[in-house]
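Summary of the model geometry
What follows is each chain in one-letter form.
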Amino acid sequence: MRALADEGTQRSYRKGAIILSEGDSGDTLFILLSGSVRTYGTDADDREVTYGTIVAPNYFGEMSLDGGVRSASIEALEPCVCSVVTAHRVREHIARSPDLAFELITKIIARVRSATSTVRNLALLDAYGRLAATLEELAEPPDSQGHRPVPARTTHADLAQRIGTSREMVSRLVRDLEKGGYISVDKRSMTLVKKLPAKW
């Protein structure tokens, strides 16, 4: 990926910039050199659902290398630098370095699995179940005390967009979990203190 990035055009994006829009046509791969982005979708009423976060070094936009439309929108969560590589350059690079094809296939499989899990959770779990699954996914490995911090930039609004519910519902559930001793919350962070219950 580093070698491929050298063949692209470097672009910088400010925080909040929409790098890609769902439904647009495109045949370029974006290699994220620094920063982080949010992938999300919207409906006809402009309601959003967040699919996930991508942190450098990584890439996105591979789903449109076939010339199809973009399957998601991408927003810069902080200032970002990307190398934008055309599909033609990607194909040339794969011809010289077939390992890149396996890297792309592996990443696509992982993202399809994540999308499948998201759809399953939205269809089969209630708001609490989706919140618990998302917190378990986001939380870092346990420390010596078994505590698992959630990334500091994760807000109640972010969680609501991820699980398809309101910010108020997330706030109520988080308060309940805090009262139950399952999580601890301060002004800037949230920590899973013990395993979250299967149902609430």
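Structure: above.
Residues numbered from 1 in each chain as written. Predicted model: local features only at pLDDT ≥ 70, side-chain atom pairs only at ≥ 80, totals over all residues. Heavy atoms only, no water.

Some points on the packing of helix α5 (residues 156-163) against helix α6 (residues 167-179)
A pair of packed helices can be characterised by two numbers: the angle between their axes and the separation between those axes. Between α5 and α6, whose axes approach to 8 Å, the crossing angle comes to 110°. Here α5 is positioned roughly perpendicular relative to α6, judged by the angle of their axes. Classified by chirality, the crossing of α6 by α5 is right-handed. Contacts from H156, A157, L159, A160 and I163 of α5 reach α6 at R167, V170, S171 and V174. Tallied by class, the residues present in the contact of α5 with α6 amount to six nonpolar, two polar and one charged. (Axes fitted to C-alpha atoms, helices over the stretch in contact; angles between N-to-C directions. Helix = DSSP H or I, 4+ residues; strand = E, 2+ residues; numbered from the N terminus. Parallel < 35°, antiparallel > 145°, perpendicular 65-115°, else oblique. Left-handed = near helix turned anticlockwise from the far one by under 90°. Contact = heavy atoms within 4.5 Å. Nonpolar A, V, L, I, M, F, W, Y, C, P; charged D, E, K, R; others polar.)

As for the state of the cysteines
According to the stated counting rule, one finds zero disulfides in the structure shown. There is no disulfide at C80, and the cysteine sulfur nearest it, in C82, is 5.9 Å away. Residue class for C82 comes out buried when judged on its relative accessible area of 0%. (Disulfide = S-S within 2.5 Å. Buried < 20%, exposed > 50% of the residue type's maximum accessible area, 1.4 Å probe, protein only.)

Some thoughts on α5
It helps to recall that an α-helix has 3.6 residues per turn; residues three or four apart then point in one direction. Of all the positions in α5, only L159, A160, R162 and I163 are classed as buried. Viewed end-on, α5 has its buried residues packed into an arc of 160°, placing them on one side of the element. On the buried face of α5, the contacting elements are β5 (48-55), α3 (99-124), α4 (127-138), α6 and β11 (190-192). (Arc of directions from axis to C-beta.)

A short note on the sheet that holds strand β4 (residues 36-42)
A sheet is described by the order of its strands in space; here four strands give the open sequence β2-β7-β4-β5, paired in antiparallel fashion. Two strands close off the open sheet at either side, each with one partner strand: β2 (18-20) and β5. Averaged over all adjacent pairs, the angle separating strand axes in this sheet is 30°, with direction ignored. Pairing between β4 and strand β7 (residues 73-76): four bridges, direction antiparallel. Residue pairing for β7: T39 is matched across the bridge by I74. On the sheet, α5 packs against β4 and β5 and is oriented at approximately 110° with respect to β5. (Pairing = 2+ DSSP bridges.)

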